[in-house]
Amino acid sequence: MLYTIFKILFKTFFLLTSRFEVIGHANIPVSGPVILAANHVSNWDPLVLGCAVKRRVHFIAKMELFKFPLLGLLLRAWGAFPVRRGHGDREAIVKSLEILKEGKMLGIFIEGGRNKTNPGRIQAQPGAAMLATHSGAPVIPVALINTDHLFKKKQVVIGAPLTFGDLSGTASKKELYQQISQQLATAITGLRPEKA
């Protein structure tokens with residue numbers, strides 16, 4: 001209930017402050033496990049992405065944000081759960097895999113943090129790749145555009161689902177994760193207009 005109220009409020013806010021466009025929504029399956037893998041340029045990104053899709057998104061968010069009681073309440077209501085960045089946070093991994101096993105949608109920002117310097121160049125971390133290989137869930141690349149400018153037109157460009165079964169013969173897990181991460185970064189970059 002709280003999630004629905006927040007979603008209506010946030011979507012109304014974005015529509016009032018800037019134009020809001022979603023491209024490629026048909027690429028999202030109506031049911032089943034899905035990983036939304038997006039770039040990350042702004043603190044608004046989880047709200048924008050959550051408002052852009054019809055299904056509820058469960059987000060991975062950095063632990064530090066949950067230290068503020070009101071913000072922590074908002075994040076949990078929005079479907080977020082904490083992860084300790086820079087560590088192998090087993091609890092967050094287990095939680096993520098549970099969400100996917102239950103047929104839900106998981107949102108992850110593949111850069112591991114905000115890209116404040118060059119949004120057009122994505123340096124993907126291995127988290128999304130690892131979750132994709134362990135869960136078998138399709139990964140949908142998503143480009144978030146102009147979310148770092150409150151009054152500019154915001155675009156959410158959703159790509160076609162990707163699966164990575166053809167890479168299962170890779171020599172090591174590290175190499176496998178690197179290949180998948182690079183494919184995701186390339187896919188997201190390809191969704192961005194040249195001037196964005």
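For the structure itself, look to the data block above.
Residue indices begin from 1 for each chain and proceed along its sequence in written order. Where local features are concerned, this predicted model is filtered to residues with pLDDT of at least 70; where side-chain atom pairs are given and counted, the filter is 80 or more; whole-chain, interface and lining totals use all residues. Water and hydrogen atoms play no part in the side-chain values, which are based on all heavy atoms of the structure.

J.: Residue-level account of the overall build of the protein, with values.
T.: Segments assigned H or I by DSSP are reported as helices when at least four residues long, segments assigned E as strands when at least two residues long, and all are numbered from the N terminus. Looking only at helices and strands, the protein has 6 helices and 7 strands in total. Put simply, the protein runs from its N terminus to its C terminus through helices and strands in the order α-β-β-α-β-α-β-α-β-α-β-β-α. Residue contacts follow a heavy-atom distance rule, with two residues in contact if any of their heavy atoms lie within 4.5 Å. Long-range contacts, defined here as pairs at least 24 residues apart, represent 68% of the contacts in the protein between residues at least 6 apart. All accessibility values rest on the Shrake-Rupley procedure with a 1.4 Å probe; residue burial counts only the protein chains present in the view. When the accessible surface of the protein is summed, it comes to about 10500 Å², and 58% of that surface belongs to carbon and sulfur atoms.

J.: Tell me about the sheet that holds strand S7 (residues 154–158), and please be specific about residues and values.
T.: Strand pairing is assigned whenever DSSP detects at least two bridges linking the two strands. Here 7 strands make up an open sheet; going across it, the order is S1-S7-S6-S2-S5-S3-S4 and the pairing mixed. Of all strands in the sheet, those bounded by a partner on one side alone are strand S1 (20–23) and strand S4 (80–83). Neighbour-to-neighbour, the strand axes of the sheet open up by a mean angle of 25 degrees, direction not taken into account. Lines fitted to C-alpha atoms define the axes here, with helix axes fitted over just the stretch in contact, and angles between the N-to-C directions of these axes take values from 0 to 180 degrees. Where helix H4 (residues 90–101) meets the sheet, its contacts fall on strand S2 (34–38), strand S3 (57–62), S4 and strand S5 (105–109), and the angle it forms with S4 comes to roughly 150 degrees.

J.: Give a description of helix H2 (residues 45–52) that names residues and reports values.
T.: Burial classification: accessible surface area is computed with a 1.4 Å probe over protein chains only, and a residue below 20% of its type maximum counts as buried, one above 50% as exposed, and the rest as partly exposed. H2 sits mainly inside the fold: 8 of its 8 residues count as buried. Residues of H2 that are buried include every one of Asp45, Pro46, Leu47, Val48, Leu49, Gly50, Cys51 and Ala52, and no others.

J.: I'd like to hear about helix H1 (residues 2–17), residue by residue, with values.
T.: Note: α-helices contain 3.6 residues per turn, so residues at a spacing of three or four share the same orientation. The terminal C-alpha atoms of H1 lie 22 Å apart, and with 16 residues this matches the ideal 22 Å at 1.5 Å per residue to within 8%. Of all the positions in H1, only Tyr3, Phe6, Lys7, Phe10, Phe14 and Thr17 are classed as buried. Seen along its axis, H1 keeps its buried residues to an arc of 115 degrees; they face one direction. For H1, the exposed residues set more than 90 degrees away from the buried face come down to Ile8, Leu9, Leu15 and Leu16. For H1, the elements touching its buried residues are S1, H2, S3, helix H3 (69–77) and S7. Expected helix span is computed as 1.5 Å times (number of residues minus one). What the arc describes is the spread of directions from the helix axis to the C-beta atoms.

J.: Describe the packing of helix H5 (residues 127–135) against helix H6 (residues 173–191), and please don't skip the residues or the numbers.
T.: At a minimum axis separation of 8 Å, H5 and H6 run at an interaxial angle of 110 degrees. Classified by the interaxial angle, the pair formed by H5 and H6 is roughly perpendicular. Crossing handedness for the pair H5 and H6: right-handed. Where H5 approaches H6, its residues Ala128, Ala129, Met130, Thr133 and His134 are matched on the opposing element by Lys173, Leu176, Tyr177, Ile180, Ser181 and Leu184. For classification purposes, angles smaller than 35 degrees are called roughly parallel, those larger than 145 roughly antiparallel, those between 65 and 115 roughly perpendicular, and all remaining angles oblique. Handedness of each helix crossing follows the sense of rotation of the near helix against the far helix: counterclockwise by less than a right angle gives left-handed, clockwise gives right-handed.

J.: Just give me the short version of a nonpolar patch on the surface, but keep the residues and values in it.
T.: A contiguous nonpolar surface patch, about 430 Å² in accessible area, is contributed by Met1, Leu2, Ile5 and Leu9. Structurally, the position occupied by isoleucine 5 is in helix H1. Looking at isoleucine 5, the relative accessible area reads 37%, which means it is partly exposed. Exposure above 30% relative accessible area and no salt bridge define the residues that can form patches, which grow by joining like charges within 9 Å and nonpolar side chains of Val, Leu, Ile, Met, Phe, Trp and Tyr within 5 Å. Put simply, a salt bridge is a Lys or Arg side-chain nitrogen that is within 4 Å of an Asp or Glu carboxyl oxygen.

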